[in-house]
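Inside the fold
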Amino acid sequence: MIKVENLDVVYGVNETRNHVVRSVSFEVGHGETLGIVGESGCGKSTLLRSLAGLEGGWTGSVHFNGKPVGKARNREELKLAQMVFQDPYGSLHPRHRIGTALAEPIRAMGTGDGWSQVSKALQQVGLPAHFASRFPHELSGGQRQRVAIARALILSPPILLLDEPTSALDVSIQAEVLNLLADQREERNLTYVLVSHDLSVIAHMCDRVLVMQNGIFVDELTKADLRAGTTHADYSRELFEASFL
Amino acid sequence: MTDTLHDTSAVQQPGLAQRVLSGSGRVIRKLGDEPLGMAGFIILALLILVAIFAPVIAPYDPVRQVLSDALQPPSLAHLAGTDEFGRDIFSRLVYGTRITIQTVLSVSVIVGPIGLIIGVVAGFFGGRTDAFLMRATDIVLSFPSLILALAFAAALGAGLGTAIIAISLTAWPPIARLARAEALVVRNADYVAAARLYGASPLRILFFYIAPMCIPSVIVRLTLNMAGIILTAASLGFLGLGAQPPLPEWGAMISSGRKFMLDYWWVAVMPGIAILLTSLAFNIAGDTLRDLLDPRHARS
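Position numbers for residues start from 1 in each chain and track the written sequence from start to end. By the order in which they are written, chains take letters starting at A while ligands take numbers starting at 1. This being a predicted model, a pLDDT of at least 70 is required before a residue's local features are given, and a value of 80 or more before pairs of side-chain atoms are given or counted; all residues contribute to the totals for chains, interfaces and linings.

1. Focus on the overall build of chain A
Note the cut-off: Secondary structure counts use DSSP, requiring at least four H or I residues in a row for a helix and at least two E residues in a row for a strand, with both numbered from the N terminus. Radius of gyration: over C-alpha atoms. The globule rule applied is 2.2 Å multiplied by the number of residues raised to the 0.38 power. The exposure label follows from counting other C-beta atoms within 10 Å of a residue's C-beta, where the C-beta atoms are placed from the backbone and the thresholds are 20 or more for buried and 12 or fewer for exposed, leaving partly exposed in between. Contact between two residues is assigned whenever their backbone-derived C-beta positions fall within 7 Å.
Within chain A, the regular secondary structure consists of nine helices and 10 strands. Taken against the 2.2 N^0.38 rule, which gives 18 Å for 245 residues, the C-alpha radius of gyration of chain A at 18 Å falls within 12% of a compact globule. Across its three principal axes, chain A shows a C-alpha extent of roughly 50 × 40 × 35 Å. Across the 245 residues in chain A, those meeting the buried criterion constitute 47%. Nonlocal contacts in chain A, meaning residues at least 24 apart in sequence, comprise 66% of its contacts between residues at least 6 apart.

Right, dumping it as structure tokens:
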């Protein structure tokens, strides 16, 4: 479903040159959930934003569904992958009502006025239809993140890129949002790439985990490894010990 | 729970009127907590009413000269006295609100959209567009506004229309800078990134995502500017480059009253009070509007 080869992201030139992602390659199968874990600043979010097409400074090749996609995407390519952002307070336009926010992707794509799908989209993420007339500031963080997920899914993308979708939320709300994501994955046979620094979130959601440090993958863990606590590199052992203390 | 959850019939795009009503209702409720701001808005509302109903309110024709009544002090017959041609100053002030409101509104309507568009485009597109637009803004900003307005009024010929154009030419740069600063912040927001991900065109992002976030501060700035616009218009009138006699422009009225100021103080003082009250009201209203529309400037 996703194939990435030799992806590099470099910011700045000369003295300020910062090689954020160093020649990473990986594949994600159809319906699989890949976790990318690592500490702050290791390049995991940058990698995800490059996949989404939000960062322009990358080199290498990215294939979605067997087709290469470039830095600038056309509408068909954009429809393949949508993203859910970390901060539900920043990812919804404060002056757009929930209904507008959900109708916008369809209107921006020019495939209808979108309002006919709003109530269904709200319902799918477990929110009542009358929320459509509310503003984001009238919703809680968890509800907003549900709206953000509904917005990402309204174009029916086969791939969903999740940038720490629960780290801005309460622990009790985290589980709800993760379950929602898991349900949607079942229902629509979605492929996820989930970036997080929270190992329990990763362990709950992912079939396979890549451990990232300083822009490269230092370890790859399967679901069985996660359960057994097996690691193959010093860094991932440190990470595990630090988080399961 | 399931009933509300599966009630799909209720969702449709709310109409414009409904959106405007619920939005302004919220602002008006908050306004109740601000007595000073309320006073400012009430004065402005009165001013607009006076401008609309000037013929009903004014007891005399503002341009009719009665030389036998020249320079009468304020009395019941002439609430604010009469000027050197025997014209009733109160009636002239009432008709003068029309000129003032007209000037302020025209300048705001010209300056607001121009400043907003230039600023938002510069902030959003960045790079050369930004550099070019902002240098142009800097050039205009570096002129002292009254002097530039004077030069324009002198070049284009004195009159109310040229005064409006002249003030507009110098009033847009601060708005543009403000809108640009807002746009710079907003363009990096996640909701703009999300909009790019679902294929929103740059124009759509500009006008539907970024401009709405800049409009409140632009409105606040415009309202605060209105006080300055009134003063600049009055200054131009005072110097004889604004509205021409016999139009009852407040600045021009002060100018003509200056000659008799020591003996007949009311001729200059009455329009002065009108200018003071109006610009003060605009200032207070602008301040309050900032508190209401911009949560970052919350009252301590």
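Resuming the write-up.
2. With respect to the overall build of chain B
Along chain B, the regular secondary structure elements total 12 helices and zero strands. Ordered by position from the N terminus, the helices and strands of chain B form the series α-α-α-α-α-α-α-α-α-α-α-α. Dimensions of chain B, computed from C-alpha atoms along their principal axes, come out at roughly 80 × 50 × 35 Å. Long-range contacts, defined as pairs at least 24 residues apart, comprise 68% of the intrachain contacts of chain B with a sequence gap of at least 6.

3. Observations regarding the interface of chain A and chain B
In this complex, chain A contributes 29 residues to the contact, which on the side of chain B involves 25 residues. Sorting the residues of the side of chain A that touches chain B by element identifies helix 2 (75-78), strand 6 (81-84), helix 3 (98-109) and helix 4 (118-124) of chain A as the ones contributing at least two each.

4. Thoughts on the sheet that holds strand 1 (residues 2-11) of chain A
Within a beta sheet, neighbouring strands are joined by backbone hydrogen bonds and run either parallel or antiparallel to one another. Residues and elements named next belong to chain A. This is how the line gets drawn: What makes two strands pair is DSSP finding at least two bridges between them. Axes here mean lines fitted to C-alpha atoms, for a helix over just the part in contact, with angles spanning 0 to 180 degrees between N-to-C directions.
Strand order in the open sheet formed by four strands is 2-1-4-5, with antiparallel pairing between adjacent strands. The outermost strands of the open sheet, each flanked by one partner alone, are strand 2 (18-28) and strand 5 (67-69). Ignoring which end each strand starts from, the neighbouring axes of this sheet average 20° apart.

5. Focus: the pairing of strand 10 (residues 216-222) of chain A
Residues and elements named next belong to chain A. When strand 9 (residues 208-213) meets strand 10, the two strands line up antiparallel, connected through six bridges. Across the sheet, leucine 210 pairs through a bridge with glutamate 220, a residue of strand 10. In this antiparallel pair of consecutive strands, strand 9 and strand 10, the connection spans two residues, and asparagine 214 shows a positive phi of 50°.

6. Notes on the sheet that holds strand 3 (residues 33-37) of chain A
All names here are of chain A. Spatially, six strands are ordered 6-7-8-3-9-10 in an open sheet, and the strand pairing comes out mixed. Two strands close off the open sheet at either side, each with one partner strand: strand 6 and strand 10. In this sheet, adjacent strand axes meet at a mean angle of 20° when their direction is disregarded. Here strand 6 runs beside strand 7 (residues 159-163); their pairing, made up of four bridges, is parallel. Residue glutamine 82 lies in a different strand from strand 7, and its bridge partner there is leucine 160.

7. What about the environment of valine 94 of chain B?
One can find valine 94 of chain B in helix 5 (residues 89-125). Remark: the alpha-carbon pair of valine 94 of chain B and aspartate 291 of chain B, spanning 197 residues in sequence, is separated by 31 Å.

8. Some remarks on the nonpolar core
Going by this rule: Definition of nonpolar core: a set of buried Ala, Val, Leu, Ile, Met, Phe, Trp, Tyr and Cys residues joined via C-beta atoms within 7 Å.
If you look at the biggest cluster of nonpolar residues, it comprises 145 residues, and the most contacted ones within it are Leu161 and Val193 of chain A together with Val120 and Ile210 of chain B. Sort the elements by how many residues they give to this core and helix 10 (residues 202-238) of chain B lands first, with 16 residues. In this view, isoleucine 210 of chain B contacts Val120, Phe124, Ala183, Val186, Arg187 and Ile205 of chain B; residues no more than four positions away in its chain are not counted.

9. Regarding the environment of serine 172 of chain A
Looking at the element boundaries, serine 172 of chain A is found in helix 6 (residues 171-188). Judged by the 8 C-beta atoms lying within 10 Å of it, serine 172 of chain A falls in the exposed class.

10. Quick notes on unusual backbone geometry
Residue and element names in this part refer to chain B. Omega for the bond connecting proline 245 with proline 246 falls within 30 degrees of zero, at 10°, which places this linkage in the cis form. In this fold, proline 246 is placed in the loop between helix 10 and helix 11 (250-257). Of note in the backbone geometry, leucine 71 takes a positive phi value of approximately 55° without being a glycine. With respect to the element layout, leucine 71 can be found in the loop between helix 4 (54-57) and helix 5.

11. Remarks on the confidence of the model for chain B
Cut-off, in case you're wondering: The predictor's confidence in any single residue is recorded as pLDDT, a number from 0 to 100.
Confidence in the prediction for chain B averages 87 pLDDT; 92% of positions are at 70 or higher. This complex was scored by the predictor with a pTM of 0.84 and an ipTM of 0.89.

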